[in-house]
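What follows is the residue order along each chain.
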Amino acid sequence: MGPVSGLVLFAVIWFMTFLIILPIRVQTQGDMGKIVPGTHAGAPEVHNLKKKALITTGVAAVIWAIVATIILSGVITLRDIDWFDRMSPPSATDGTNG
């Protein structure tokens with residue numbers, strides 16, 4: 001895994017984690033009892049976006065470290081998840097031992 005693919009992997013993990021954390025503990029206008037005319041009652045009033053972004057970064061860094069370690073160690077390879085046998089058999093020159 002090169003540096004660019006590592007950054008892409010981190011970005012994907014970060015955004016997936018952010019979308020999971022985003023709706024947690026959101027207080028809507030309906031919850032607060034202050035609905036601005038012309039907006040939906042479910043619109044967020046208090047969202048704590050900065051705190052959620054920091055939490056997301058920490059959680060994503062831990063998940064990324066685990067996934068990157070698995071990829072770099074070779075515990076799981078692309079051939080391990082080739083369930084439909086679409087990859088050609090390994091040759092002696094491609095560096096795989098199996």
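As for helix H1 (residues 3–21)
Counting along an α-helix, one turn takes 3.6 residues, and residues three or four places apart therefore face a common direction. Counted at 1.5 Å a residue, the expected span for H1 with its 19 residues is 27 Å, and the 26 Å between its end C-alpha atoms agrees. When we look at burial in H1, the residues that qualify are Gly6, Ile13, Trp14, Thr17, Phe18 and Ile21. On an axial view of H1, the arc spanned by its buried residues comes to 135 degrees, and they lie on one face. Opposite the buried face of H1, by more than 90 degrees, sit the exposed residues Val4, Phe15, Met16 and Leu19. At its buried positions, H1 is contacted by helix H3 (49–73).

Brief notes about H3
For H3, which comprises 25 residues, the first-to-last C-alpha distance of 35 Å matches the rise-based estimate of 36 Å (1.5 Å per residue) to within 8%. Every buried residue of H3 is accounted for by Lys52, Thr56, Ala60 and Ala68. The secondary structure elements touched by the buried residues of H3 are H1. The first or second residue beyond H3 is Gly74, which carries a positive phi of 85 degrees.

Remarks on the confidence of the model for the protein
Regions with low pLDDT carry predicted coordinates that are not meant to be interpreted in detail. Chain-level pLDDT for the protein is 87 on average; 91% of the residues reach the 70-or-more range. Summarising per-element confidence for the protein, the mean pLDDT is lowest in strand S2 (residues 44–46) (84) and highest in H1 (96).

What about the layout of surface pockets?
The volume enclosed by the largest pocket comes to roughly 200 Å³. Lining of the largest pocket is provided by Ile21, Ile24, Arg25, Gln27, Val46, Asn48, Lys51, Lys52 and Ile55. No other element matches the three residues that H3 contributes to the lining of the largest pocket.

Regarding a nonpolar patch on the surface
Together, Val62, Ile66, Ile70, Val75, Ile76, Leu78, Ile81, Trp83, Phe84 and Met87 make up a nonpolar patch on the protein surface, roughly 1,100 Å² of accessible area in all. The topology assignment puts Leu78 in the segment after H3. Exposure remark for Leu78: the relative accessible area of 58% places this residue in the exposed category.

Some thoughts on the packing of H1 against H3
Where H1 contacts H3, the axes come no closer than 8 Å and their chain directions differ by 135 degrees. Our classification of the angle between H1 and H3 gives oblique. Both H1 and H3 take part in a crossing whose hand is right-handed. Looking at the contact of H1 with H3 residue by residue, the class counts come to 16 nonpolar, four polar and one charged.

Criteria and cut-off values
- Note that residues are indexed from 1 along each chain, following the sequence as it is written.
- Where totals are concerned, whole chains, interfaces and linings use all residues; where local detail is concerned, this predicted model gives features only for residues with pLDDT of at least 70, and gives and counts side-chain atom pairs only at 80 or more.
- Excluded from the side-chain calculation are hydrogens and water; included are all heavy atoms of the structure.
- Put simply, DSSP H or I for four residues or longer makes a helix, DSSP E for two residues or longer makes a strand, and each gets a number counted from the N terminus.
- An expected span of 1.5 Å times one less than the residue number is assigned to each helix.
- Exposed residues in this analysis have more than 50% of their type's maximum accessible area, buried residues have under 20%, and partly exposed residues fall in between, with area computed by a 1.4 Å probe over protein chains only.
- Taken from the helix axis, the directions to the C-beta atoms give the arc we talk about.
- In what follows, residue pairs with any heavy atoms lying within 4.5 Å of each other are defined as contacts.
- Per-residue confidence from the predictor is reported as pLDDT, which spans 0 to 100.
- Here a cavity is any set of points on a 1 Å grid over the protein atoms alone where a 1.4 Å probe fits but cannot get out, and a pocket is any open set with protein on both sides within 12 Å along at least 5 of 7 lines; a residue lines the site when it has an atom within 4 Å of a point.
- Grid points are joined across faces, edges and corners, and a volume is the space filled by probe spheres set on the points.
- Within this analysis, patches are made of residues with over 30% relative accessible area and no salt bridge. Like charges are joined at 9 Å or less; nonpolar side chains (Val, Leu, Ile, Met, Phe, Trp, Tyr) at 5 Å or less.
- For accessible areas, the Shrake-Rupley method is used with a probe of radius 1.4 Å. Any residue's cover is judged against the shown protein chains and nothing else.
- A pairing counts as a salt bridge when a side-chain nitrogen of Lys or Arg comes within 4 Å of a carboxyl oxygen of Asp or Glu.
- Interaxial angle, 0 to 180 degrees, is taken between N-to-C directions of lines fitted to C-alpha atoms, where a helix line uses only the stretch in contact.
- If an angle is under 35 degrees, it is roughly parallel; if it is over 145, roughly antiparallel; if it lies from 65 to 115, roughly perpendicular; otherwise it is oblique.
- Note on convention: near helix rotated counterclockwise from far helix by under a right angle means a left-handed crossing. Clockwise means right-handed.
- Residues were grouped as follows: Ala, Val, Leu, Ile, Met, Phe, Trp, Tyr, Cys and Pro as nonpolar; Asp, Glu, Lys and Arg as charged; and all remaining residues, including Gly, as polar.

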